[in-house]
Structures are given as C-alpha cells and as structure tokens.
Amino acid sequence: MTKQKGGGSVSIRFFLAGIAIVSFLGACSRSGRDAGTGLVDSGGTLSVAESFRLPQGCGDSETLAWSEGTASWSCAKGAGGVSVGAGLLERHEGAETRIEVDTRSLDARYGRVDKTLVVSGSGTPVENGEALLRAFSGVLGASAEAPYVIRLTEGTFEISGVVTIPGFGTIEGAGADATRVIVVEGGVQVWNGAISMRRFSVTAKGASPTGRLVWATPMAGGSRLSEMVFSAAEMDSRLELLVVPESSLVSRCQFVAEGVSEITGIVAAHPGTVIEHSDLRLNGIGSVIGIQSGNSISIRDSRIELTAQFVQGISAGDKFHARNVEVQVVGYGGGIRAHGSGTSIVSSRISVVGEGAGVLVSNPGDSGELDRRLVIQGTSIDVAHPSGLGVGISTSWPAGLIVAIDASQIQASTAIALVDHTIPEHATFRVGASMLQGIVDAPGAICVHAYDGAYFPLERDCTRAAMP
C-alpha cells in the first residue's frame, strides 16, 4: 500500500481496526459462553440438563420419583417418591397414597402384641356372640409383658356353654347398660393369667354345669373387675355369680339375683381380695350368701341385701376387715360370720330380720399380736327376732386376745353372748361408750361408759346400774 498524505491513510486505519474488533467479538461469542445451572451446551446448542428434566404425562396415581442410579426423574406409583422405612406403612387408596405409622412394628419393638380388637354389637345376639368367640380364639401369645385388649361396642352378645378366655388382657364394654353378655347354660372361665373386666354386664340364662357364672383359676391372681353387673334370675339350681383368685379387686360392681334356688354373690377363697363400692341384691329361694371368703379379705363402702330361707351376709375367715359396709338380711342366718383371727368391723350397719346373729365370731386364734384383736367400732347392729343375738363369740380365748366394742349400738334380745366359754384372766373383753339393748351374757366383760336402750348407765360388769 502506498502511503498517501491526507485523509486516505486514516480511512484505511479505521477499516483495519473494525475488522479486528469483529474478529475479537466473534471469538468471545464462541469460546467464552458458559452453560448455567440446569443447562448443558451440546456443540453450541444449549438444553435443559437431564437431572432437571421433569417427565410429562404422569398418571393420576403416579408421582415424581428420583433415581440415584440414572440421576433422573421419572413417573412412579408411590408416596411421593419417598421410601417408607421401619415403623411406617404405605397405603394406596384410588389416586391417593397415604403414609401411616405401623403400630405392629411399634408393638413388637416395645414388647407388646397387636391384639387390640374391637368387636361390634350391631348384629343379632348370636352373631355378636360368635364374633366375640372369634376374638378370643384370635388371642395368641398374650403375657404380662404383651397383654391384649378386646373392646365391645354397644349391643348384646350371646354365648353358650363354658367358654374359656385367656388371661393377661382387658375386656372392656361401653357401659353395663349398653354392653350385655348373655351366657346360655354355661359360664366364663379365665384360665392362665390376670384379667381386667370393666363396663359390661354378664347374665346367666339357664343352669350352669359348673355352678358358676364367671370364675378365674388361681393362676389368674391379681384380676381387676370394675363397673360390672353380674345377674341371674329364675333358676332352680345353685350358682356362684363371681369367683375371684388371690389379690383381686372388685370395684363399683353390682350383683343381682331373683328367684334362684341357691345363690352366692362373690366367692373369694384366696387371700388378698378387696371389694369396694359394690352392691349385692340377692333374692333366693333356698339359701343365699352375699360374700364367701377365705383369709385376708377387705370390704369397704359396699351394701349387701339378701332375702331367702337361709341367709348369710358375709362368711369370712381370718384377717377380715369391713369398713362402711351395710348388711341387711331377711331369713334365718345372720349378718357377718368370721372364723379366725384379726376381725375388725368399723363404721358399718348390720340388720337381721329373722332368727340369727348380727355378728358371730369363732376361734380368733393366736397367730400373732395384731391377729389377737376383735374390734367392733362405730357400728350399728339390729336383730329383730325374739331369740336374736347381737354379737356372739365362740372361742378358746388364746393368750392376749383383746375384744373391743366401742361407740356402737347393739339391739337384740341378747345383745352380747359368749357361747360355751367365759373370759379367762389372760384375755380382755371391753365395751366402751356403747348402747347395749338386750341381755349381756358375757361373764368377765368390762363396760366403760356403756348404757342400755333406755340410756341408763351400765355397771362395770355390764349389768344395769341400781336406781338411786
């Protein structure tokens, strides 16, 4: 190129500079372009990265699922692409997927069994009874560490014959008036472990081959029964409504019988039973016993009403304790009879209409210092019969025996009598601040601040004081 003076050389220089700029920009455009997050550059073509591509056209029951193997998303049927682990269950209901807690896994982990069963009472009584029996047969492997629960809804459940149910469980109804179990010519036996029954009624229909309605074997010690009703009517046979094992609790229960030949409300042959806040109303034909027990029974805040030819409100062994108990019996027999040591009757009321005794205690025994006490305190005893006996004691009077009657009222033809015995020097019989209306045939007894039915004071030997 020939260098020229003037403007021509300047134009050439500007032309060359423009070519250089265009070349520079073109080079930047090809080599300086970067694909950002979610994009890829394929030979100059930008596209969405595979891991950011969402599938199109998933079904109604499908959701997006991420695959680590292919590093991509896909349509999958499941719980939102989330894998359920231990303790969870995945359920599909139509187009919905639900994740919920697997209670069976939790029960296994914490030493329980999945045996919480609800038995509906919406069918006929026989259908409901069959469903109940199926529930019992489905209980397997129950133990103290893995108990079962059977819940009965409102309705009537009819079962026949003798039914054996497993221990180590709870049977619960919707209320004694709402959930009713009828046992036809049979009974219910608890076999191998403690049972808890509450809030339903059990009724005997026809004679039981065992003579029992509900009973538990000795292996079912520690059973609990509450808010129950046990009943029977019009039976020409013998029946025990409830038999409980050792250390059982009967609370807020009712026992009702009408027109049964021989009836016993509760049998507690083993020690440690507690009966509280319960009512027994038994009307029999031949003989009726309210509560029959062996040793170590406690009854409190309860009421017993019996009517029959032969009646016994409570028949107990030693270590018998009654507090705030009302016993009303009509017939030949008595209110309370205790055989053994350690008897206490406190704040109670005993009424007998018929020949018999309000309280009869025999052989208090001498097994220990505390066992040598017979205490009647704050109690009213009324026997309405010409040959009635208020308190009778028949004993060999062991050393150290203490009989104390305090703050009580005894009204009977014979208020107190010692049967075939007198009080020796090594024993004590004291009556304090009590009303004794009737003959006191207790040689050796000591009366302190006692008085008769006309409120005349009694002498120390329990005879009426001479008039001034």
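Residue positions are given per chain, counted from 1 along the sequence in the order it is written. pLDDT decides what is reported in this predicted model: residues at 70 or higher carry local features, side-chain atom pairs at 80 or more are listed and counted, and totals for whole chains, interfaces and linings draw on all residues regardless. With hydrogens and water excluded, all non-hydrogen atoms of the structure serve as input to the side-chain values.

(A) Region of interest: the overall build of the chain. Secondary structure elements follow DSSP: runs of H or I of four or more residues count as helices, runs of E of two or more count as strands, with numbering from the N terminus. Scanning the chain from terminus to terminus reveals 3 helices and 33 strands. The contact definition used throughout considers only heavy atoms, calling two residues in contact when any of these lie within 4.5 Å. Long-range pairs, those at least 24 residues apart, make up 56% of the contacts in the chain with a sequence separation of at least 6. Each accessible area is a Shrake-Rupley result for a 1.4 Å probe, and residues are judged covered by the shown protein chains and nothing else. As presented, the chain carries roughly 23,400 Å² of accessible surface, and 53% of it is formed by carbon and sulfur atoms.

(B) Geometry of the state of the cysteines. The disulfide definition used here is simple: a pair of cysteine sulfur atoms within 2.5 Å. Following the criterion strictly, the structure yields 1 disulfide and no others. Residue pairing for Cys447: its cysteine sulfur links by disulfide to Cys462, the two sulfurs lying 1.9 Å apart. Disulfide Cys447-Cys462: the torsion about the S-S bond is 100°, which places it as right-handed. On the criterion of sequence distance, the pair formed by Cys447 in strand E33 (residues 446-448) and Cys462 in the segment after E33 is long-range, its members being 15 residues apart. Here Cys447 and Cys462 have matching classes, each one buried. Whether a residue is buried, partly exposed or exposed follows from its accessible area with a 1.4 Å probe, protein chains only, as a fraction of its type maximum: under 20%, in between, or over 50%, in that order.

(C) Fine view of helix H3 (residues 125-137). If you check H3, its first and last C-alpha atoms are 18 Å apart, about what 13 residues at 1.5 Å a residue would give, namely 18 Å. What H3 keeps buried is the set Asn128, Gly129, Ala131, Leu132, Ala135 and Phe136. Down the axis of H3, the buried set is contained in an arc of 160°. They therefore lie on one face. Among the exposed residues of H3, those pointing more than 90 degrees away from its buried face are Arg134 and Ser137. For H3, the secondary structure elements touched by its buried residues are strand E7 (116-119), strand E8 (148-152), strand E9 (155-165) and strand E10 (169-172). Given a helix with a known number of residues, its expected span is that number minus one, times 1.5 Å. Here the arc refers to the set of directions running from the helix axis out to each C-beta atom.

(D) Examining empty space enclosed by the protein more closely. A 1.4 Å probe that fits but cannot get out identifies a cavity on a 1 Å grid over protein atoms alone, an open set with protein on both sides within 12 Å along at least five of seven lines counts as a pocket, and a residue lines either if it has an atom within 4 Å of a point. Grid points are joined across faces, edges and corners, and a volume is the space filled by probe spheres set on the points. Summed over the entire model, instances satisfying the criterion amount to 2 cavities of 30 Å³ or more. In this structure, the largest cavity spans a volume of roughly 120 Å³. If you trace the largest cavity, you find 13 residues lining it, with Leu132, Phe136, Val181, Val188 and Phe200 closest to the centre. Among the elements of the structure, H3, E9 and strand E11 (179-190) are those that each provide at least two residues to the lining of the largest cavity. Ranked by residue count, the leading element in the lining of the largest cavity is E9, at 3 residues. Considering only residue class, the lining of the largest cavity consists of 13 nonpolar, no polar and no charged. The classification used treats Ala, Val, Leu, Ile, Met, Phe, Trp, Tyr, Cys and Pro as nonpolar, Asp, Glu, Lys and Arg as charged, and all other residues, Gly among them, as polar.

(E) Fine view of the layout of surface pockets. Its boundaries defined by the atoms lining it, the largest pocket holds a volume of some 210 Å³. Around the largest pocket, the lining residues are Gln312, Gly333, Gly334, Ile336, Arg337, Gly356, Ala357, Leu360, Leu389, Ala417 and Val419. With 4 residues, the single largest contributor to the lining of the largest pocket is strand E22 (residues 320-339). The residue inventory of the lining of the largest pocket, partitioned by class, reads 6 nonpolar, 4 polar and 1 charged.

(F) View of unusual backbone geometry. Located in the positive-phi region is Ser296, a residue other than glycine, with phi close to 55°. Tracing the backbone shows Ser296 in the loop between strand E20 (279-293) and strand E21 (297-316). Ser296 sits in the partly exposed class, given a relative accessible area of 24%. For Asp301, which is not glycine, the phi torsion reads 50° and is therefore positive. Note on placement: Asp301 falls in strand E21.

(G) Focus on the nonpolar core. Residues belong to one nonpolar core when they are buried, are Ala, Val, Leu, Ile, Met, Phe, Trp, Tyr or Cys, and are joined through side-chain atoms within 4.5 Å. By size, the foremost hydrophobic cluster in this structure holds 95 residues, and its most contacted members are Met197, Phe255, Ile314, Phe320, Ile416 and Phe429. Broken down by element, this core gets its largest block of residues, 8 residues, from E21. What Met197 contacts, discounting residues up to four positions off in sequence, is Ile165, Ile171, Val190, Val214, Arg224, Leu225, Ser226 and Met228.

(H) Region of the structure containing the confidence of the model for the chain. What pLDDT conveys is the predictor's confidence in a given residue, as a value from 0 to 100. Chain-level statistics for the chain give a pLDDT mean of 84 and a share of 79% at 70 or above. Of the regions scoring below 50 in pLDDT, residues 1-31 engages in 4 contacts with residues more than four places distant in sequence or in other chains. Low pLDDT, under 50, characterises residues 104-114; the predicted model gives this stretch 14 contacts beyond four residues in sequence or across chains.

(I) Representation of the pattern of salt bridges in the model. Put simply, a salt bridge is a Lys or Arg side-chain nitrogen that is within 4 Å of an Asp or Glu carboxyl oxygen. The full count for this structure, using the stated rule, is 13 salt bridges. Through salt bridges with shared partners, a single network forms among Arg303, Glu305, Glu326 and Arg349.

(J) Structural detail: the packing of aromatic side chains. Pairing of aromatic rings covers Phe, Tyr and Trp, the last through its six-membered ring, and needs centres within 6.5 Å; plane angles under 30 degrees mean stacked, over 60 mean edge-to-face, and all others mean tilted. Across all of its chains, the model carries 3 aromatic pairs by this definition. Where Phe310 meets Tyr332, the ring centres are 6.0 Å apart and the plane angle is 90°; that geometry is what we call edge-to-face. A residue pair is termed long-range when its members are at least 10 positions apart, and Phe310 in strand E21 and Tyr332 in strand E22 qualify at 22 residues. Looking at Phe310, the relative accessible area reads 41%, which means it is partly exposed. Here Tyr451 and Tyr455 contribute two aromatic rings whose centre-to-centre distance is 5.5 Å and whose plane-to-plane angle is 20°, an arrangement assigned as stacked. Residue class for Tyr455 comes out exposed when judged on its relative accessible area of 60%.

(K) View of the environment of Gly123. Looking at where Gly123 falls in the secondary structure, it is placed in the loop between E7 and H3. Taking the C-alpha atoms as reference, Gly123 lies 8.5 Å from Thr156; in sequence the two are 33 residues apart.

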